[in-house]
Amino acid sequence: MNKQKRIDILTRLRDNNPTPTTELVFNSPFELLISVLLSAQATDISVNKATAKLYPIANTAEKMLALGIDEIKHYIKTIGLFNTKAENIIKTCQILIDKYNNQVPENREALESLPGVGRKTANVVLNTAFGWPTIAVDTHIFRVCNRTNFAPGKNVIEVEQKLLKVVPIEFKVDCHHWFILHGRYTCIARKPRCGSCCGSCIIEDLCEFNDKQYLTT
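Within any chain, residue numbers begin from 1 and follow the written order of that chain's sequence. Side-chain atom pairs in this predicted model are given and counted only at pLDDT of 80 or more, local residue features only at pLDDT of at least 70, and totals for whole chains, interfaces and linings cover all residues. Side-chain numbers come from the whole structure's heavy atoms, not from hydrogens or water.

Draft legend 1. Region of the structure containing the overall build of the protein chain. In terms of helices and strands, the protein chain carries eleven helices and zero strands. A run of H or I in DSSP counts as a helix once it spans at least four residues, and a run of E counts as a strand once it spans at least two, with each numbered from the N terminus. Helices and strands appear in the protein chain in the N-to-C order α-α-α-α-α-α-α-α-α-α-α. Taken over the C-alpha atoms alone, the protein chain extends approximately 55 × 35 × 30 Å along its principal axes. Each residue gets one of three labels from its accessible area relative to the maximum for its type: buried under 20%, exposed over 50%, partly exposed in between, using a 1.4 Å probe on protein chains only. Across the 217 residues in the protein chain, those meeting the buried criterion constitute 47%. For the protein chain, the proportion of contacts with a sequence separation of at least 24, taken over those separated by at least 6, is 57%. Throughout, the Shrake-Rupley method with a 1.4 Å probe supplies accessible areas, and for residues the shown protein chains are the sole cover considered. As displayed, the protein chain has an accessible area near 10,900 Å², and 51% of this comes from carbon and sulfur atoms. In this count, Lys and Arg are taken as positive residues and Asp and Glu as negative ones, while His and the chain termini are left out. Charge positions are represented by NZ for Lys, CZ for Arg, CG for Asp and CD for Glu. One way to put it: in the protein chain the 27 positive side-chain charges average out to a point 5 Å from where the 22 negative ones average out. Only heavy atoms matter for contacts: two residues are in contact if any of them lie within 4.5 Å across the pair.

Printed below as a string of structure tokens:
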């Protein structure tokens, strides 16, 4: 895919959604960190339902730690892997208190050192909470970038590195939001909703996917 086609894709996505953001509900970097940690192998909807009850009770590292692991499990028990996630939340909160004055660090290395926090989670926090031009690559973005040929790669790291190289700076902050939403609602895994004529995919004519499945209704 050439540079101009990539710019055209990003421009259309931007025009369609000028101020994209995560679908996770949060009011602080701490809440975002916990929500992203909980979202691994879970839907944003399920996380939001749990945190809507959790955050009014515990919305800082100190309050979460005081709540205790059993109570945290009670609030997040509807989310997959909740036992492990509760343990990681407790450990993470203790580190935030001991090392970072009860604050989420605006530092990649520090974030990735927290239990349950990997590169993708760190990218989301740096981007969404602090406005860094990072690009978090999840399964949706990996699929869209390979399927469209926008930034193909064999793994998420390759796709991320390619995106950082080919996406102009003016699009970098919002890029991963556009692609994740496109992958979640349009370029879905089993049957992509191709066909701009039907109002399904706004970048269909720019996409280089060879097996487009056009919608007729």
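Draft legend 2. Up close: unusual backbone geometry. With phi around 55°, Q41 is a residue other than glycine that occupies positive phi space. Tracing the backbone through its elements, the reader meets Q41 in the loop between helix 2 (29-38) and helix 3 (44-54). Backbone geometry places N149, a non-glycine residue, at a positive phi of 75°. Looking at the element boundaries, N149 is found in the loop between helix 9 (139-148) and helix 10 (156-166).

Draft legend 3. Region of the structure containing the environment of K5. Its location among the elements puts K5 in helix 1 (residues 3-16). Residues K5 and F150 lie 145 residues apart in sequence; the distance between their C-alpha atoms is 8.7 Å. Every residue in contact with K5, bar those within four places of it in the chain, is listed here: L206 and E208.

Draft legend 4. Structural detail: the state of the cysteines. When the sulfur atoms of two cysteines come within 2.5 Å, that pair is taken as a disulfide. Following the criterion strictly, the structure yields zero disulfides and no others. Of the cysteine sulfurs around C187, a residue in no disulfide, the closest is that of C207, at 6.3 Å. Taking relative accessible area as the criterion, C187 reaches 7% and is therefore assigned buried.

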